[in-house]
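So you can see what is in the structure, the chains are spelled out below.
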Amino acid sequence: MGVTTNYVHVCDPALAAVVAWLVLVITLEANDFRHHLHLAHRLPTLARPSHPHIPHHRYVASLVAIRLGLRDALVDAAILYALGYAVVIGFTYGDADPNSLFILWGFSAMVSACLLGIAGLKVPQWLGYYRRSNLQLLKDVSGRASTAVRDLTEGGVGVVDFRYQARLGVGRHAAQFVFFLLPFYTDLKVYAFFVSILVGLLFGHLYLFIVYWFRQRFSDRLAQVAIGSAIALAAVSALVFVEGMYIINTLWHWDLKVDGWVISLTSWLGWLGLSLFLQLIQYCEQRKLAARESAEGEEEDGEGDDDEAHLFIEDDDITDERDTISSLTAGGGSRTAIERESILGGEKQSRIGTEASPRDELEEPLMGSEESGGIMPQRESMATSGYFYQIGYFDRVTLVGKRSKKEPAALLESMNNAAGGGIEDSTPREIYEAFASLEQSGKKTRWYHRLWQFLPFQSGWALFKDSCATTWSCCKKNSKFYAQTRCQKIWHVLIKTSKLIIDMLAIYAALVACAATTQIRITKSKLPFVREVLYAHQNEGPVCAFDEKCGDIQDFGGREEAHLANYSVAHCGKCGYCSTWNDLELQYSTRHNLAEMAQECGMKTMFQGIDGLQQCLETDIGWTSNCARCWAEDIYCTKRWCIFIYLQSRMTNQLGNFEVDPNSITSATCEEANCEAGNPGHFVQCSGSNRRRMNITSDIARPPDEQCQIVDVADWGTFFNPEC
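Brief notes about the packing of aromatic side chains
- What the rule picks out here adds up to 27 aromatic pairs.
- Taken together, a centroid distance of 6.0 Å and an interplanar angle of 70° make the contact between Phe 107 and Trp 252 edge-to-face. Taken together, the residues span a long stretch of sequence, with Phe 107 in helix H3 (residues 98-126) and Trp 252 in helix H7 (residues 222-252) at a distance of 145 residues.
- Overall, the relative accessible area of 33% leaves Phe 107 in the partly exposed class.
- Note on Phe 193 and Phe 194: the rings are 5.4 Å apart at their centroids and 80° apart in plane angle, and the pair reads as edge-to-face.
- The class for Phe 193 is buried, based on a relative accessible area of 6%.
- An aromatic cluster is built from Phe 546, Trp 581, Trp 716, Phe 719 and Phe 720, whose rings are joined through pairwise contacts.
- Above the ring of Tyr 588, the side-chain terminus of Arg 591 is found at 4.0 Å from the ring centroid.

Section: the pairing of strand S4 (residues 543-546)
- Burial along S4 is two-sided: Val 543 and Ala 545 facing one way and Cys 544 and Phe 546 facing the other are all buried.
- Inspection of the sheet shows S4 paired to strand S5 (residues 553-556) by 4 bridges, in the antiparallel sense. Each residue of the ladder has a partner; that of Ala 545, found in S5, is Gln 554.
- Count of turn residues in the S4/S5 antiparallel hairpin: 6 residues, of which Cys 550 carries a positive phi of about 65°.
- Pairing geometry for S4 and strand S6 (residues 568-572), over 4 bridges, is antiparallel. Paired with Ala 545 across the two strands is Val 569, which belongs to S6.

Concerning the nonpolar core
- Grouped together as the largest cluster of nonpolar side chains are 57 residues, with contacts concentrated most on Leu 22, Tyr 81, Phe 177, Leu 181 and Tyr 185.
- Mapped by element, the contributors of at least two residues to this core are helix H1 (13-42), helix H2 (54-92), H3, helix H5 (159-175), helix H6 (190-217), H7 and helix H17 (486-534).
- A per-element tally of this core places H1 first, with 13 residues.
- One finds Tyr 59, Val 64, Ala 145 and Ile 431 within the second-largest nonpolar core, a separate group that totals 22 residues.

Considering the pattern of salt bridges
- Inspection of every chain in the model, using the stated rule, returns 16 salt bridges.
- The shortest N-O distance in the salt bridge between Asp 72 and Arg 71 comes to 3.7 Å.
- Between Glu 433 and Arg 429 there is a salt bridge, and its shortest N-O distance comes to 3.4 Å. Of the two residues, Glu 433 and Arg 429 both sit in helix H14 (residues 428-440), 4 residues apart, roughly one turn of that helix.
- We classify Glu 433 as partly exposed; its relative accessible area is 31%.
- Judged by relative accessible area, Arg 429 falls into the buried class, the value being 17%.
- One salt-bridge network, held together by shared partners, links Arg 71, Asp 72 and Arg 163.

Let's talk about the state of the cysteines
- Evaluated as defined, the whole model comprises 8 disulfides.
- Paired by a disulfide, Cys 637 and Cys 675 hold their sulfur atoms 2.1 Å apart. Here the disulfide of Cys 637 and Cys 675 is left-handed, its torsion about the S-S bond being about -90°. Here the residue Cys 637 occupies a position in helix H22 (residues 625-651), and Cys 675 occupies one in helix H23 (residues 667-675), the gap between them amounting to 38 residues. Each member of the pair, Cys 637 as well as Cys 675, is classed as buried.

So, the sheet that holds S6
- Pairing within the open sheet is antiparallel, and its 3 strands lie in the order S5-S4-S6. Here the strands that pair on one side only, and so sit at the sheet edges, are S5 and S6. Averaged over neighbouring strand pairs, the angle between their axes works out to 35° when direction is ignored.

About the cut-offs
Here the residue numbering is sequential within each chain, running from 1 through the sequence in written order. Reporting in this predicted model follows two pLDDT cut-offs: at least 70 for local features of residues, and 80 or more for side-chain atom pairs to be given and counted; totals over whole chains, interfaces and linings ignore these cut-offs and use all residues. Each side-chain value is derived from all of the structure's non-hydrogen atoms; neither hydrogens nor water enter the calculation. Think of it this way: a Phe, Tyr or Trp ring, Trp meaning its six-membered ring, pairs with another when their centres are within 6.5 Å, and the plane angle makes it stacked under 30 degrees, edge-to-face over 60, tilted otherwise. A run of H or I in DSSP becomes a helix once it reaches four residues, and a run of E becomes a strand once it reaches two; helices and strands are each numbered from the N terminus. The cut-offs for exposure are 20% and 50% of the maximum accessible area for each residue type, with area from a 1.4 Å probe on protein chains only; residues under the lower value are buried, those over the upper are exposed, and the others partly exposed. Should the NZ of a Lys or the CZ of an Arg lie within 6 Å of a ring centre and within 35 degrees of the ring normal, that charge is described as sitting over the ring. Between any two strands, at least two bridges found by DSSP are needed for them to pair. Residues belong to a common nonpolar core when they are buried Ala, Val, Leu, Ile, Met, Phe, Trp, Tyr or Cys residues joined through side-chain atoms within 4.5 Å. Salt bridges are defined by distance alone: a side-chain nitrogen of Lys or Arg within 4 Å of a carboxyl oxygen of Asp or Glu. Cysteine sulfurs are considered disulfide-paired once they come within 2.5 Å of each other. Lines fitted to C-alpha atoms define the axes here, with helix axes fitted over just the stretch in contact, and angles between the N-to-C directions of these axes take values from 0 to 180 degrees.

Everything listed here is a matter of geometry and, on its own, says nothing about what the molecule does.
What follows is the structure, given as structure tokens:
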């Protein structure tokens, strides 16, 4: 017998965990672009003696391009997630199977445990103690930054294309969860959707703040803090994983013949052991990297981590960027206001001051790293700027000084002047727009072109192709895959295959949930008619009666008419193909497992057609040929109208739940609503007899008003002893 479970869905753990993870990796990705841009800006090959200000202008425009690319990616993610949520909730709102929701809740907790465990693996790197590992479960940077900056500085790519690359780099992180989250949107109320996002944002920034505080407070003990934090997060993720398993087992009922606390403890220790094992592998990898760098003399050069971008910035990165912006503006002195533009909403706020501090002049933080002993080499101390300045990717100063009224062409002319005159009151955004105007000159810029560029379809398709190319890179002879070690190749194939399988399972689960909910709605709409036809007058209508055991069986207009002819009522309703003595006896002898036996025949002959199914019903159960045909047609009708409810019941381990409660739609309820009373199936009319019509209590629990109350056989077990 199945169990129906209900719960209040206020916050989805999987969605909240994904949003929290995105807060971390989007921060890192955006600042990885800034970090590589900063490194390129420091290269002497970029300096042009004839136009000394041009590299600085391009640098500032590129910083704005990164910010705008980040904004574009966030808009893309919001649109894609909202579309996915709208589609799933549109199909499942209000009528989703409560058991499937409960199972999804358990899996959601397990997903959050996985992301928390991965964050535990990443925390030594984000604290600056480890380098980025080559064995990553989820990448924290896309790897686009170095290529995009190189194309910007050497390949003739403009700032508009650089903005698009930043958009793709940031968007990659959000795009990898678009399909994965679909099943968790099932019947997720709108308020719960936004609560989950809000909780994820809060936890993501809380994690960032804790990392920031640890780097500030424990810079002299970073090794112990990094390892301790990783172990603590592994332990917490194990607890969350056990909670998810407990929720799932509430419905699945694993028969392990041990106490529940033993299962919970074993699960916790197993998950913790797996996490610590991955930590050990990562630690050994980092030791090898450190030894290799030491042998190559990278530590002495102090350049071993120039290509690394961690969660917080360094003093030299801040100074370089501030100096560049200052060189393009009025060059020191007082500022009457600094306007800050939100990357999400574009709102501007003014802060009045008399003398601008370095922090006030620029809020475009680059990401750097601070290594404090241990495996990573010692570096200079981290900037003392506040936490929100360090990681505030959503809030940037874009206006320094007064807003310029110059047209882009005039601004470009000013920038091409070697003295740089005329741009003192220009803002970084205006400098970007000037470069963009030059690059876009002669191109179509009608409103529908801009709309198409704004929508996420072009970038989404580009990310999809990039994901396919990365997943199947092992099939290309000249790909980077063949330059990897054997262990890295195995890891690459394992991770890519796992991600593909997980995405396919997520899409499958979402499709089943949507389709099953649609079938549930159809079933609920048909139930009133079916109950009226089958049960409202079954004790008052025609009957199928017999004169003696194993004797003649025929129809009568009612019980009284049958009694006047000295016939006893065998079942309510007219006789059918299953009203033979053989089939009547089978109705009783198989009363506890008939539904399972018919289900097994349906599975066994899935690809053999209706004739193969009929043959199975005749041989495995024993129905007569005509009766087996009625059952075969009913099973095929059920496959057509209830297949997704059936698939969903397999996912929730409710396959044996044959309840027909209108408040809990099972496969049995769906079959009754669609296949028994001419809506469209005619099983009852075809078969004639069934257990409820014979007043036999079966494995399908039914209320008394669905059982025939006028049968003249008090005990079918005694009646069929001996059999006919």
